[in-house]
Amino acid sequence: MRKKLKLRYMVQTVFFLLILLTAISHTLEESGKALPLIESASIHALCPFGAVVSFYKLITTGTFVSKIHASAMVLFAATLFLSILFGPVFCGWVCPLGTVQQWVSGLGKKLGLYGRVRLPKKLDHTLRYLRYGVLLWVLYVTAVSGQLIFANYDPYYALFNFWSGEVALSAIAILILTLVLSLFIQRPWCKYLCPFGALLGFTNKFRLLGIKRNPNTCISCHKCTHACPMDIDVEHTTAVKNAQCISCYACTSQESCPVAETVTIKMGGTK
């Protein structure tokens, strides 16, 4: 396993365990048995998207949406800064829901299920715009209601709270659907519905360190495209500016491309 890929798996696992332990501690806190060091933490406090949905209320009233903490604003600022530098690394390296989808897709490959479901290209292309609609809807209903309504549909929230009895059936149903689809395709939630991914994806257009392919040394082996979990056609582009890129770097010469310095991470890589 390439060193960078191994590092990514380690980072993903650490963040997954952090959120899982935080969720468990929050549940235990009700009985006075919270885990040390994270006694007062909650997954809402550790979710940068909370800052996005709170933005309107923060400007108009100076307060956050219920359950959202000031820490979410700090995390969002850090996430945005990293995205401007490297693209949506939060999606490819940090997000626990993305990690779980990746793990389930790995299970699907072992079971021989992965790849058996393939949407027609036109339908797939059209469905990828849905996440922008979800983003606008979440921003609107949160601004109008002042409540965290998206929690009723959020598979991330359901994943780390399904045992608490506080999760809406709609969120659990979407989580189950996401996991089932992940057996056949990679990152279905990320591709089609994730509102935070939709927002961070815009940074791929102007990120400082981008992914570039050198057509002069490319041997057209298709490995870069096949390695991309978001099904981006890397082999037919010179600069990966696709808004779906999650900066996992699986397509690079350090990971899947067999030719050195062909698919690389470079300053000004979106030009």
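The structure this text deals with has already been given above.
The rules we used
Residues numbered from 1 in each chain as written. Predicted model: local features only at pLDDT ≥ 70, side-chain atom pairs only at ≥ 80, totals over all residues. Heavy atoms only, no water. Helix = DSSP H or I, 4+ residues; strand = E, 2+ residues; numbered from the N terminus. Rg over C-alpha atoms; globule rule 2.2 N^0.38 Å. Buried < 20%, exposed > 50% of the residue type's maximum accessible area, 1.4 Å probe, protein only. Contact = heavy atoms within 4.5 Å. Areas by Shrake-Rupley, 256 points an atom, 1.4 Å probe, with all protein chains shown as cover. Lys, Arg positive; Asp, Glu negative; His and termini not counted. Charge placed at Lys NZ, Arg CZ, Asp CG, Glu CD. Axes fitted to C-alpha atoms, helices over the stretch in contact; angles between N-to-C directions. Left-handed = near helix turned anticlockwise from the far one by under 90°. Nonpolar A, V, L, I, M, F, W, Y, C, P; charged D, E, K, R; others polar. Parallel < 35°, antiparallel > 145°, perpendicular 65-115°, else oblique. Phe/Tyr/Trp six-rings, centres within 6.5 Å; stacked < 30°, edge-to-face > 60°. Salt bridge = Lys/Arg side-chain N within 4 Å of Asp/Glu carboxyl O.

Student: Sorry if this is basic, but what is going on with the overall build of the protein here?
Tutor: A count of helices and strands for the protein gives 12 helices and two strands. What you see in the protein, going N to C, is helices and strands ordered as α-α-α-α-α-α-α-α-α-α-α-β-α-β. A globule of 271 residues ought to have a C-alpha radius of gyration of about 18 Å, and the protein, at 19 Å, matches this closely. Oriented by its inertia axes, the alpha-carbon framework of the protein measures out at about 60 × 45 × 40 Å. Here the protein, with 271 residues, has 45% of them falling under the buried criterion. Long-range pairs, those at least 24 residues apart, make up 72% of the contacts in the protein between residues at least 6 apart in sequence. Approximately 14000 Å² of the protein is accessible, and the part contributed by carbon and sulfur atoms is 68%. Averaging the locations of the 26 positively and 11 negatively charged side chains of the protein gives two centres separated by 10 Å.

Student: How should unusual backbone geometry be read in this particular structure?
Tutor: Among all residues save glycine, negative phi is the norm, and among peptide bonds the norm is trans. Of note, H222 is a non-glycine position whose phi angle comes to about 70°, a positive value. Its place among the elements puts H222 in the loop between β1 (209-213) and α12 (223-227). Among the residues examined, H222 registers a relative accessible area of 36% and is labelled partly exposed.

Student: Got a minute to help me understand the packing of helix α2 (residues 49-61) against helix α3 (residues 70-86) in this structure?
Tutor: For any two helices packed against each other, the geometry is given by the interaxial angle and the distance between the axes. At a minimum axis distance of 9 Å, the contact between α2 and α3 shows a crossing angle of 115°. Here α2 and α3 pass one another in a crossing that is left-handed. Contacts between α2 and α3 pair G50, A51, V52 and L58 from the former with A72, M73 and F76 from the latter. A per-class count over the contact of α2 with α3 returns six nonpolar, one polar and no charged.

Student: How should the side chain of T79 be read in this particular structure?
Tutor: Looking at the secondary structure, you find T79 in helix α3. Since its relative accessible area comes to 10%, T79 is described here as buried.

Student: How should the packing of helix α5 (residues 96-110) against helix α9 (residues 169-182) be read in this particular structure?
Tutor: One can describe the packing of α5 onto α9 by two numbers: an axis separation of 8 Å at closest approach and a directional angle of 40°. Taken together, the axes of α5 and α9 are oblique relative to one another. Of the residues in α9, those touching α5 at L97, V100, Q101, V104 and S105 are L175, T178, L179 and S182. Taken together, the residues of the contact of α5 with α9 break down into five nonpolar, four polar and no charged.

Student: What's the story with the packing of aromatic side chains in this structure? I'm lost.
Tutor: Here a ring pair, both rings aromatic, is described through the centre-centre distance and the interplanar angle of the planes. Following the criterion strictly, the structure yields 12 aromatic pairs and no others. With centroids separated by 5.7 Å and ring planes inclined at 50°, the aromatic side chains of F16 and F160 adopt a geometry described as tilted. Residue F16 is located in helix α1 (residues 3-29), and its partner F160 is located in the loop between α8 (155-159) and α9; the two are separated by 144 residues in the primary sequence. Between F49 and F150, the ring centres sit 6.2 Å apart and the planes meet at 75°, which makes this aromatic pair edge-to-face. On the criterion of sequence distance, the pair formed by F49 in helix α2 and F150 in the loop between α7 (130-145) and α8 is long-range, its members being 101 residues apart. Accessibility classification places F49 together with F150 in one group, the buried group. Of the aromatic side chains, those joined through ring pairs into one cluster are F49, F76, F90, F150 and F196.

Student: Even after reading the chapter, I still don't get the pattern of salt bridges, so can you show me in this structure?
Tutor: Two side chains bearing opposite charge may form a pair once their charged atoms approach each other closely. For the structure on display, the rule yields three salt bridges. We note a salt bridge from D231 to K191, for which the minimum N-O separation is 2.6 Å. Here D231 is found in the loop between α12 and β2 (263-267), whereas its partner K191 is found in helix α10 (residues 188-192), with 40 residues between them in sequence. Look at D231 and you get partly exposed, because its relative accessible area is 43%. Judged by relative accessible area, K191 falls into the buried class, the value being 2%. Through salt bridges with shared partners, a single ionic network connects D124, R128, K191 and D231.

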